[in-house]
Amino acid sequence: MESATPARPADWVASAMDRASELTNFDAVVAEYWPRVYRFALVSLRDKSAAESLAQDCFLRAWKSRDKFRGDASVSTWLMQIAVNLIRDGIRNRRLQFWRRTTQASLEDLTANELLADGRSSPEKSAAARQQLASVWTATASLPERQRTVFLLRFVEEMDLLEIAAAMGLSEGTVKVHLFRALNAVRERVGMGKGAVK
Amino acid sequence: MTTQHFTGDQVSQWVAGEKPAELAAHLEVCGACSAHVTRFETVLAGFHDGIHDATASVRIPAFEPPSAAWQFAPRWALAGAVAAFVVAVPFYRGADQPRPVPVPSPVVVAEVSDAQLLEQINAQLARHVPGPLEPLESLSYSPLEELTKGQNQ
Ligand SMILES: [Zn+2]
C-alpha cells in the first residue's frame, strides 16, 4: 500500500537531514541561536530578565523535543516558533506581569534609551538615529500582539514571510495582512502620515 | 497605474520587500514617493541596527541537559541543593551512632531523589506555560517532603 504522503525530492530530504543533524551538537545550537532568541524575546517582552528566562525555556524545550525535529524548517525557524509560542502564552496568561512584579521595582517597559545604553556603538550614535529608534520602539509597543510579532520578526530578525508564517503557524497571506497593518500604524506613529503619499 | 502616488498599502508592500514592476516604475519617475519610501526604509533600518547594536554583547550561557542543568536553570538548582541538604542531614546526624537496624541505603535514597527530580523537571518542561512565568509558589515543590516521609517510616 502506497503512502498518502507525497514523495519529496531527494535533495529536500538531504537538506532536512542536514538540518536535523544540526541538533546533535546542541551546545553549538545554543551558541549560534541564543542571541537571536534572546533579542526577539527582549523586543517582544521589553524586559531583560524576562527575555533571558524565556530564552532559557526556549532552549530547554528545544532540547527536550530535539528527537522529534525532522528538519521540515530550519533550526532557526523552529526555535523562533517555540519562542513565539512562549511569548504568546506568557502574555495571554498574564504570567508575565506577575513575574515582572517579582523581579523589578517598576512595571515600566524597558525604554529605548535604556536599551541603547547597552549598545556597543551608543556613544557614536547620532541623536537623530536614537530618536528614530525610539519612535519605532514606542510605536511597536501599541501594536496588537500579532502585528507586533510579525513586524519584529520581519524588521528585527529579517525573516521572510514564509519563515514568519511557519514560526507563527499562520498562512503567508495572513502574515502579510498583519505586516501591512503594522507598517501602516508604525508609519503613522513615526510622523510620516497615513494613507497615500502626498 | 504609475501616475498616482503610492497608497498606504503600497508603501507597506514596498518596504516589506514586495516590489512589483509597476511600483518600481512609479518610483523611477516620482520624487515624492521615492523620497517617502526611502525615508521609511531608513527609519526601519535604523530600528533594526539599533536593536542589534544594543544586544550585540549578550552573554550566552553554557548549556547542559536538563538532568544536570543546574547552571542553566538556576531555579531548579535551588530545589536540587535544598533536596541534597535535607537528604544529607539525617545521615550526618547519625554518623557517630551505632546502627543496629539497617536503614535505607543512601544510594537507594539518592536514586529515588534523582528520579523524583527528573520527573519534576519533565513536568516543568511539559507545561504549556513557560516556567519563568509561573508564580514562585511553583518552586515550593520539592521531593523533600516525600523523602522526609520515607525517612520517618
Ligand atoms: Zn508618487
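Right above here is the structure, for reference.
Residues numbered from 1 in each chain as written. Chains lettered and ligands numbered in written order. Predicted model: local features only at pLDDT ≥ 70, side-chain atom pairs only at ≥ 80, totals over all residues. Heavy atoms only, no water.

## What about the overall build of chain B?
On a plain count of helices and strands, chain B comes out with six helices and zero strands. The order of α-helices and β-strands along chain B, N terminus first, is α-α-α-α-α-α. Put simply, chain B has 153 residues, and 39% of those count as buried. Accessible area of chain B: about 8700 Å², with a carbon and sulfur share of 60%. (Helix = DSSP H or I, 4+ residues; strand = E, 2+ residues; numbered from the N terminus. Buried < 20%, exposed > 50% of the residue type's maximum accessible area, 1.4 Å probe, protein only. Areas by Shrake-Rupley, 256 points an atom, 1.4 Å probe, with all protein chains shown as cover.)

## A few points about the nonpolar core
Residue and element names in this part refer to chain A. Ranked by size, the top nonpolar core spans 82 residues in total, and within it L79 and F151 carry the most contacts. The element best represented in this core is helix α2 (residues 26-45), accounting for 12 residues. For this core, the domains that each give at least three residues are domain 1 (8-105) and domain 2 (109-198). Each residue touching L79, except ones within four places of it in the same chain, is listed here: V29, Y33, V37, C58, F59 and A62. (Core = buried A, V, L, I, M, F, W, Y, C linked by side-chain atoms within 4.5 Å. Domains from an automatic or database assignment. Contact = heavy atoms within 4.5 Å.)

## Brief notes about the coordination of the zinc ion
All names here are of chain B. The protein atoms that coordinate the zinc ion are H5 (ND1), H26 (NE2), C30 (SG) and C33 (SG), at distances spanning 2.1 to 2.2 Å. All donors to the zinc ion come from one chain, and their sequence spacing reads H-x20-H-x3-C-x2-C. The two residues C30 and C33 agree in class, both being buried. (Donors = N, O, S within 2.8 Å, 3.2 Å for Na, K, Ca; no water.)

## A few points about the side chain of S12 of chain B
For S12 of chain B, the position within the fold is in helix α1 (residues 8-15). Given a relative accessible area of 0%, S12 of chain B falls into the buried group. If we skip the residues at most four places from it in the chain, S12 of chain B touches F180, L183 and N184 of chain A.

## A short note on α2 of chain A
All names here are of chain A. The principal kink in α2, of about 50°, is found at Y33, preceding the proline P35 by one to four residues. Where burial is concerned, most of α2 is hidden: 16 out of the 20 residues are buried. Of the residues trailing α2, R46 is marked for its positive phi of about 60°. (Bend = angle between axes of the 7 residues up to and from the residue.)

## Describing the pattern of salt bridges
If charged atoms from side chains of opposite charge come close, those side chains can pair. Applying the stated criterion across every chain yields a total of six salt bridges over all chains. Here E18 of chain B makes a salt bridge to K176 of chain A, at a shortest N to O gap of 2.5 Å. A residue pair is termed interchain when its members come from two chains, as with E18 of chain B in the loop between α1 and α2 (21-29) and K176 of chain A in helix α10 (residues 172-189). Between K19 of chain B and E41 of chain B there is a salt bridge, and its shortest N-O distance comes to 3.7 Å. Of the two residues, K19 of chain B is situated in the loop between α1 and α2 and E41 of chain B in helix α3 (residues 31-54); the sequence distance between them amounts to 22 residues. Each of R36, R39 and E157 of chain A takes part in salt bridges that share partners, so that together they form one network. (Salt bridge = Lys/Arg side-chain N within 4 Å of Asp/Glu carboxyl O.)

## Details of the packing of helix α3 (residues 48-64) of chain A against helix α4 (residues 75-92) of chain A
All names here are of chain A. With their axes 9 Å apart at the nearest point, α3 and α4 run at an angle of 125° to one another. Taken as axis vectors, α3 and α4 run oblique relative to one another. Here the hand of the crossing between α3 and α4 comes out right-handed. The residues of α4 that touch α3, namely those facing L54, D57, C58, F59, R61 and A62, are W78, L79, I82, A83, L86 and I87. Here the contact of α3 with α4 is composed, by residue class, of 10 nonpolar, no polar and two charged. (Axes fitted to C-alpha atoms, helices over the stretch in contact; angles between N-to-C directions. Parallel < 35°, antiparallel > 145°, perpendicular 65-115°, else oblique. Left-handed = near helix turned anticlockwise from the far one by under 90°. Nonpolar A, V, L, I, M, F, W, Y, C, P; charged D, E, K, R; others polar.)

## Some details on the packing of aromatic side chains
Applying the stated criterion to the full structure yields five aromatic pairs over all chains. Residues W34 of chain A and F59 of chain A carry aromatic rings whose centres are separated by 5.6 Å and whose planes lie at 20° to one another, so their mutual orientation is stacked. Pair noted here: W34 of chain A is in helix α2 and F59 of chain A is in helix α3, with a separation of 25 residues, a long-range link. Seen in terms of ring centroids, F151 of chain A and F155 of chain A are 5.1 Å apart; in terms of plane orientation they differ by 40°. Their pairing is tilted. Of this pair, F151 of chain A and F155 of chain A both sit in helix α8 (residues 145-155), four residues apart, roughly one helical turn. Each member of the pair, F151 of chain A as well as F155 of chain A, carries the same accessibility label: buried. Among the aromatic residues, those joined into a cluster by ring pairs are F151 and F155 of chain A together with F47 of chain B. One Lys or Arg, R46 of chain A, reaches over the ring of W137 of chain A and ends 3.9 Å from the middle of that ring. One residue, R154 of chain A, lies across the ring of F155 of chain A, its end atom 5.6 Å from the ring centre. (Phe/Tyr/Trp six-rings, centres within 6.5 Å; stacked < 30°, edge-to-face > 60°. Lys NZ or Arg CZ within 6 Å of the ring centre and 35° of its normal.)

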